[in-house]
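Coordinate inspection notes
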Amino acid sequence: MPAIICHSALEAVALIQSGETLWTHSMGATPRILLDALAQHALTKDNLTLLQLHTEGAESLSHPSLQGHLRHRCFFGGLPTRALLQSGDADYVPIFLSEVPKLFRSGEQKIDTAIIQVSPPDKHGMCSLGISVEATLAACQVAGKIIAHINPQMPRTHGDGFIHIDRFAAVYEESAALPIHSFGTGDAVSLAIGKNVAQLVRDGDCLQMGIGAIPDAVLSCLTDHKDLGVHTELFSDGILQLVEKGVINNSKKRFYPGKLVTGFALGSQKLYDYVDDNPAVIFMDIEQVNDTSIIRKNPNVMAINSALQVDLSGQVCADSIGTKIYSGVGGQMDFIRGAGLSEGGRSVIALPSTAAGGTISRIASVLSPGAGVVTTRAHVHYIVTEYGAANLRGRSLRERAQALIAIAHPEFREQLSRDAFDVWGLRL
């Protein structure tokens, strides 16, 4: 049955009925125009549930007036949902990113409607999920109906993210700019962390990293490296700069050699132009990108991730500040485990030594009550701050405490040393 051609976004989302469970395309492909219309339409409905990862520009759906009409169910929190999660007005589902598509395909999580943003159809009627395949491909495969914003500015990307226009129940077409994230090396602390991490990267490594000041700083410090590869959740401008310099050529990879593999892209218009119809960049289903059995196929995987807090035993909290949900489990453990299983693989947790303007040490004697352990102390490898790198692999609790205190902010080292004995019974 051909899709209903709609003259407004509100007309497109009018197909959604009370009680439905919805999925929204996420990251840079967040269908903001349709979601803004949904914020209006939802006021006429009850008990809608919106499943999502990190969304960009979807603040309209967080308005207090929507309570009772629409509730967020988040596999990863972000700016539009963080306050709702922390006040108990939205639900957080801790889950590895690689398992979100499995949740859909197994039927454990039903989806009535998928709301997506795609490129215009090609001559075969195929639309592309563009810069964000992540779990949206799986959602579309199981959804009862799909509502699509066809955006001429959405890149047509190679890989898994193709859907025939006949699968859509309704379409609305409008040209709209995609969200832009600027690339920068950040402040002095981020740059110092970047330099410390870059020293651990070897020629020929296969990289995974996220977005933000620290990953950007790491990438800016890799310009003298050779033959790097990329198999990552997220493709950003820092990676693009190294591709242009020839530093990243993917020549040493065994899974898609010569190709850059990613699940989604977020960055500048230049980045979006680069991935458009570029067969050198493969956008894959996140169940495949983050599968440890696939990650480990590449030798020398170097997984670089961040955290909010690390305790003296090496436990890593990355999704909450105490009991307050901040982000999500995401793919950190997928890649840390995949890197650990890779021949010559390593992983890094990189974070500033302090928070709250230098008043709190991120390296803590114990994690804050309720803090989420995303990476266990058995999985952790390197912890890096602006003061250096601590290698925890194969180290005892006493050796870990010594190494972590050495890279903590100097103002907190004495107290941490006392806590190592008073709290842990460790004689350093």
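Residues numbered from 1 in each chain as written. Predicted model: local features only at pLDDT ≥ 70, side-chain atom pairs only at ≥ 80, totals over all residues. Heavy atoms only, no water.

**Regarding unusual backbone geometry**
In plain terms, the rule: A run of H or I in DSSP becomes a helix once it reaches four residues, and a run of E becomes a strand once it reaches two; helices and strands are each numbered from the N terminus.
Of note, glutamate 134 is a non-glycine position whose phi angle comes to about 25°, a positive value. For glutamate 134, the position within the fold is in the loop between strand E7 (126-128) and helix H5 (136-142). Phi at tyrosine 256 is positive, roughly 55°, even though this residue is not glycine. Mapped onto the elements of the fold, tyrosine 256 is located in the loop between helix H8 (237-244) and strand E15 (260-262).

**Some details on the packing of helix H6 (residues 188-198) against helix H7 (residues 213-220)**
Short version of the rule: Note on method: axes are straight lines fitted to C-alpha atoms, helices fitted across the in-contact stretch only, with angles between N-to-C directions ranging 0 to 180 degrees. Angular relationships are summarised with four words: roughly parallel below 35 degrees, roughly antiparallel beyond 145, roughly perpendicular across 65 to 115, and oblique for the angles in between. Helix crossings are classified by the rotation of the near helix relative to the far one: an anticlockwise turn of less than a right angle makes the crossing left-handed, while a clockwise turn makes it right-handed. In what follows, a contact means two residues having at least one pair of non-hydrogen atoms within 4.5 Å. Each residue is assigned to one of three groups, with Ala, Val, Leu, Ile, Met, Phe, Trp, Tyr, Cys and Pro labelled nonpolar, Asp, Glu, Lys and Arg labelled charged, and all others, Gly among them, labelled polar.
It is the contact of H6 with H7, at a shortest axis distance of 7 Å, that shows an interaxial angle of 55°. The angle between H6 and H7 falls in the class oblique. Between H6 and H7 the crossing geometry is right-handed. Here Ser190, Leu191, Ile193, Gly194, Val197 and Ala198 of H6 lie close against H7, whose contacting residues are Ala213, Ile214, Ala217, Val218 and Ser220. A class-by-class count of the residues in the contact of H6 with H7 yields 8 nonpolar, 3 polar and no charged.

**A closer look at the UniProt feature "domain: Acetyl-CoA hydrolase/transferase C-terminal" (unreviewed entry) in the chain**
Basically, it comes down to this: UniProt positions are given in the numbering used here, feature names are shortened, and annotations may be inferred rather than shown by experiment.
UniProt tags residues 267-419 as "domain: Acetyl-CoA hydrolase/transferase C-terminal" (unreviewed entry). Secondary structure content for residues 267-419 is 30% helix and 26% strand, while the C-alpha to C-alpha distance between its ends is 42 Å.

**Let's talk about the UniProt feature "domain: Acetyl-CoA hydrolase/transferase N-terminal" (unreviewed entry) in the chain**
Taking the numbering used here, the UniProt-annotated feature "domain: Acetyl-CoA hydrolase/transferase N-terminal" (unreviewed entry) corresponds to residues 65-173. Helix makes up 17% of residues 65-173 and strand 28%, whereas the separation of the span's terminal C-alpha atoms amounts to 28 Å.

**Remarks on the pairing of strand E18 (residues 301-306)**
Put simply, the rule reads: When accessible area is computed with a 1.4 Å probe and restricted to protein chains, residues below 20% of their type maximum are described as buried, those above 50% as exposed, and intermediate ones as partly exposed. Here, strands pair whenever DSSP counts at least two bridges between them.
Of all 6 residues making up E18, 5 are buried, and the element is well covered by its neighbours. Of the strand pairs in this sheet, strand E12 (residues 206-209) and E18 are connected by 4 bridges, and their pairing is parallel. Paired with glutamine 208 across the two strands is alanine 303, which belongs to E18.

**Examining the pattern of salt bridges**
Condition: What makes a salt bridge here is a side-chain nitrogen of Lys or Arg within 4 Å of a carboxyl oxygen of Asp or Glu, nothing more.
Under the definition given, this model contains 12 salt bridges. The salt bridge partner of glutamate 287 is lysine 102, with a shortest N-O separation of 3.3 Å. Taken together, the positions of glutamate 287 in helix H10 (residues 286-289) and lysine 102 in helix H4 (residues 100-105) put the pair 185 residues apart, joining distant regions of the chain. Accessibility expressed as a relative area gives 37% for lysine 102, which makes it partly exposed. With a closest N to O distance of 2.7 Å, glutamate 287 and arginine 105 form a salt bridge. One end of the pair, glutamate 287, is in helix H10; the other, arginine 105, is in helix H4, with 182 residues separating them in the sequence. Judged by its relative accessible area of 34%, arginine 105 falls in the partly exposed class.

**Thoughts on the domain arrangement of the chain**
One widely used convention gives an interface's size as the accessible area the parts lose upon coming together. Operational definition: Domain segmentation is taken from an automatic or database assignment of domains. Summed over both partners, buried area is the accessible surface (1.4 Å probe) that two parts give up on being assembled.
Here the chain is partitioned into domain 1 (4-173) and domain 2 (188-424). Across the contact, 32 residues belong to domain 1 and 30 residues belong to domain 2. Counting the surface lost from both domain 1 and domain 2, the interface buries some 2,700 Å², and carbon and sulfur atoms represent 59% of this. Contact with domain 2 buries surface across domain 1, with Leu97, Ile131 and His158 losing the most and accounting together for 23% of the total. Counting the contacts that link domain 1 with domain 2 gives 3 salt bridges.

**Comments concerning the sheet that holds strand E27 (residues 373-375)**
Spatial strand order, E26-E19-E20-E27: 4 strands in an open sheet with mixed pairing. Both outer strands of the open sheet, strand E26 (363-364) and E27, are each paired with one neighbouring strand and no more. Pairing geometry for strand E19 (residues 309-311) and strand E20 (residues 316-317), over 2 bridges, is antiparallel. The residue of E20 that forms the bridge with valine 310 is valine 316.

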